Amino acid sequence: MEFIFSLTVLLLVVLLLARSPRSNARETYRLAEIERRLQVVMDHLGVVDDRPEPPGVREHLVRGDKINAIRAYREATGADLLTAKEAVEAMQGAR
């Protein structure tokens, strides 16, 4: 009886560990795809997102410190590196 219980617990742990990374990667991909599609729609409609910039980003850009501007953007928004880089470059171009 104890052996069956231990085996069941071990099997559950293995299944949970095996499923977690795939699930996270799939969710990350789906979220990125949704964001991409939203951006396509916004571009098509001519919608401009004029929300305020995250704190510290503009100050780094004024000093010419693009890397720290990207870092500040990521810390403030939780964005991935590519999204933060594109956003900071867009802010640079809007100067």
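A. Focus on the overall build of the chain. Helix and strand counts for the chain stand at four helices and zero strands. Traced from its N-terminal end to its C-terminal end, the chain shows the element sequence α-α-α-α. Going through the 95 residues of the chain one by one, you find that 17% of them count as buried. Considering only contacts in the chain between residues 6 or more positions apart, those separated by 24 or more positions represent 27%. Entry remark: accessible area of the chain is about 8100 Å², with carbon and sulfur atoms responsible for 62%.

B. How the structure looks around the nonpolar core. Counting residues in hydrophobic clusters, the biggest one holds eleven residues: Val-57, Leu-61, Ala-69, Ile-70, Ala-72, Tyr-73, Ala-79, Ala-84, Ala-87, Val-88 and Met-91. Secondary-structure elements contributing two or more residues to this core are helix 2 (57-62), helix 3 (66-77) and helix 4 (81-93).

C. Structural context of helix 4. Between its terminal C-alpha atoms helix 4 stretches 18 Å, which fits the 18 Å expected from 13 residues at 1.5 Å a residue. Among the residues of helix 4, those classed as buried are Ala-84, Ala-87, Val-88 and Met-91. Buried residues of helix 4 fall within an arc of 95° about the axis and therefore sit on the same side. Helix 4 presents Leu-82 and Gly-93 as exposed residues on the side facing more than 90 degrees away from its buried surface. Here the buried face of helix 4 lies against helix 2 and helix 3. Between the side-chain oxygen of the N-cap and the backbone nitrogen of Leu-82 there are 3.2 Å, and the N-cap of helix 4 in question is Asp-80.

D. Focus on the pattern of salt bridges. Taken as a whole and judged by the stated rule, the model has four salt bridges. For Glu-33, the salt bridge identified is with Arg-36, shortest N-O distance 2.6 Å. Taken as a pair, Glu-33 and Arg-36 lie in helix 1 (residues 2-45) at a separation of three residues, close to a single helical turn. Taking the relative accessible area as the measure of exposure, Glu-33 reaches 17% and is therefore buried. For Arg-36, a relative accessible area of 45% translates into the label partly exposed. Residue Glu-89 pairs with Lys-85 through a salt bridge whose shortest N-O separation is 2.8 Å.

Cut-offs and rules
Residues numbered from 1 in each chain as written. Predicted model: local features only at pLDDT ≥ 70, side-chain atom pairs only at ≥ 80, totals over all residues. Heavy atoms only, no water. Helix = DSSP H or I, 4+ residues; strand = E, 2+ residues; numbered from the N terminus. Buried < 20%, exposed > 50% of the residue type's maximum accessible area, 1.4 Å probe, protein only. Contact = heavy atoms within 4.5 Å. Areas by Shrake-Rupley, 256 points an atom, 1.4 Å probe, with all protein chains shown as cover. Core = buried A, V, L, I, M, F, W, Y, C linked by side-chain atoms within 4.5 Å. Expected span 1.5 Å × (residues − 1). Arc of directions from axis to C-beta. Polar contact = N/O pair within 3.5 Å; in protein donor to acceptor, adjacent residues only side chain to side chain. Salt bridge = Lys/Arg side-chain N within 4 Å of Asp/Glu carboxyl O.

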